[in-house]
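Reading the structure
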Amino acid sequence: MSPPRVVPDPPFTSTPVATFNEPWAMTFLPDGRLLVTEKRGTLRLAHVATGQVGQVTGVPAVAYGGQGGLGDVLLHPRFADNRLVYLSYAEAGSGSTRGAAVARATLTLDASGNGGSLSNLQVIWRQLPKVNGEGHYGHRLAFGADGKLWITSSDRQAMTPAQDLQSALGKLIRLNDDGSVPPDNPFAAQGGIAAQVWTLGHRNLLGIAFDNAGRLWTHEMGPAGGDELNLIERGSNYGWPVVSNGDHYDGTPIPDHATRPEFNAPEAWWTPVIAPAGFVIYSGNLFPWYRGKGFIGGLASQALIEIEFNGTQAREVRRYPMGRRIRDVEQGPDGALWLLEDGSGGRLLKLTPNPS
């Protein structure tokens, strides 16, 4: 019988690697370099071994302001063959309206190794209708094992459209890699925007990840209280703004999930809020004690939140104070955990195990 595993306390050491201006998301290239988005509209290329940071040109124009700007970055599952990169961002519309958009483009890296460019950029999805305001875009991206593209489309602080299937606001979107609609989506027969929708009744979705069994999980910010971690189930309605475990910011109560069982209730929720941003479910070998655990970045909570899953159940098991707002969490090729701090001067941090 093997001895019990000793987990060091604290379990990891945090090492700053580079600094960015309002970083929002990151993804690793096959060669170990890192693409990092900055909210004002810059795509950076970081050599994590040296801390050197370059730039990738050809990024689309973004509507910067409030919560808007350049958002997520993701590689196509067959990136090694097609060099396709996906970007989400806030896009200006007519008048003072805005909405999220997702584009894909071909990435060419410079021979110097410190930069690159995007070409053949094509917008494959737009968050419609475009509305006023600069909040709650969502636009986190993920690819499933079946090659389908998932897009979190938040409610843009408009609330009630989250229950309208002909609005993309407050929805989880599922598309083919070229932006076309899979015929097996739950509302495909309705056509239009409804055909893109996998689930509805969401508020502000800022994290999406598949667990080791292929289940899909998302988290979303609640209003005053009631941040949620949800197991995604095909065609399900998660209740916003009809129900929430939080209340409106002006103190007006919202009925709790328990009062309306026809809506899908969260597997875990937080009051006071953690303000979740970024999400990864760990599958590496560097931290054996973390395998299968989830990690959520905390903005207001300035923490890294550890989640334990038990099949379709989930709960917070530990909170690691980081002293800064955490915008994104990623797993590196070697199994290290990587964090992006929010805001101006946001650092890229590499987490590696402490000796036990």
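Each chain has its residues counted from 1, running along the sequence as written. In keeping with the model being predicted, local features are shown solely for residues with a pLDDT of at least 70 and side-chain atom pairs are shown and tallied solely at 80 or more, while totals for entire chains, interfaces and linings include all residues. To obtain the side-chain values, all non-hydrogen atoms of the structure were used and water was disregarded.

By the naming in an unreviewed UniProt entry, the chain is PQQ-dependent sugar dehydrogenase, taken from Pseudoxanthomonas mexicana.

Observations concerning the overall build of the chain
Along the backbone of the chain there are one helix and 24 strands. This radius of gyration counts C-alpha atoms alone. The globule rule is 2.2 Å times how many residues there are, raised to the power 0.38. Its C-alpha radius of gyration of 19 Å places the chain within 12% of the 21 Å reference for a compact globule of 356 residues. Burial statistics for the chain: of 356 residues in total, 58% are counted as buried. Expressed as a percentage of contacts within the chain between residues at least 6 apart in sequence, the contacts between residues at least 24 apart total 56%. A run of H or I in DSSP counts as a helix once it spans at least four residues, and a run of E counts as a strand once it spans at least two, with each numbered from the N terminus. Exposed residues in this analysis have more than 50% of their type's maximum accessible area, buried residues have under 20%, and partly exposed residues fall in between, with area computed by a 1.4 Å probe over protein chains only. Should any heavy atoms of two residues lie within 4.5 Å, those residues are counted as being in contact.

Considering the sheet that holds strand β4 (residues 42-46)
Backbone-to-backbone hydrogen bonds pair the strands of a sheet. The strands run either parallel or antiparallel. For two strands to be treated as a pair, DSSP must find no fewer than two bridges joining them. The strand order β2-β3-β4-β5-β9-β8-β7-β6 describes an open sheet built from eight strands, whose pairing is mixed. If you trace the sheet from one side to the other, it starts and ends with β2 (23-28) and β6 (70-75), each paired once. Going across the sheet, the axis of each strand differs from the next one's by a mean of 30°, ignoring polarity. With five bridges joining them, strand β3 (residues 34-38) and β4 adopt antiparallel strand pairing. What sits directly across from Thr-37, in β4, is Leu-43. Axis definition: a line fitted to C-alpha atoms, limited for helices to the stretch in contact. Angles are taken between N-to-C directions and run from 0 to 180 degrees.

Remarks on the UniProt feature "domain: Glucose/Sorbosone dehydrogenase" (unreviewed entry) in the chain
UniProt positions are given in the numbering used here, feature names are shortened, and annotations may be inferred rather than shown by experiment. In the numbering used here, UniProt assigns the feature "domain: Glucose/Sorbosone dehydrogenase" (unreviewed entry) to residues 20-350. Structurally, residues 20-350 comprises 1% helix and 45% strand, and the distance from its first C-alpha atom to its last is 14 Å.

A few points about the pairing of strand β10 (residues 138-143)
In terms of residue burial, β10 counts as a mostly covered element, since six of its six residues are buried. By the alternation rule, side chains of β10 split into Gly-138, Arg-140 and Ala-142 and His-139, Leu-141 and Phe-143, which are all buried. Pairing of β10 with strand β11 (residues 149-153), which is carried by four bridges, proceeds in the antiparallel orientation. Of the residues in β11, the one forming a bridge with Leu-141 is Ile-151. The turn linking β10 back onto β11 is made up of five residues, and Gly-147 within it adopts a positive phi angle of 80°.

Thoughts on the nonpolar core
Among the buried residues, those of types Ala, Val, Leu, Ile, Met, Phe, Trp, Tyr and Cys that are joined through side-chain atoms within 4.5 Å form a nonpolar core. The biggest cluster of nonpolar side chains holds 23 residues, and the ones touching the most others in it are Tyr-86, Val-102, Trp-125, Leu-149 and Ile-151. Secondary structure elements with two or more residues in this core: β7 (84-92), β8 (98-109), β9 (115-126), β10, β11, β12 (171-175) and β13 (197-200). The element that contributes the greatest number of residues to this core is β7, accounting for three residues. Excluding its chain neighbours within four sequence positions, the residues that come into contact with Ile-151 are Val-102, Trp-125, His-139, Arg-140, Leu-141, Lys-171, Leu-172, Ile-173 and Leu-175.

A few points about the sheet that holds strand β24 (residues 344-353)
The strand order β1-β24-β23-β22 describes an open sheet built from four strands, whose pairing is antiparallel. What marks the edges here is a single partner per strand, and that holds for β1 (12-21) and β22 (326-331). Averaged over neighbouring strand pairs, the angle between their axes works out to 20° when direction is ignored.

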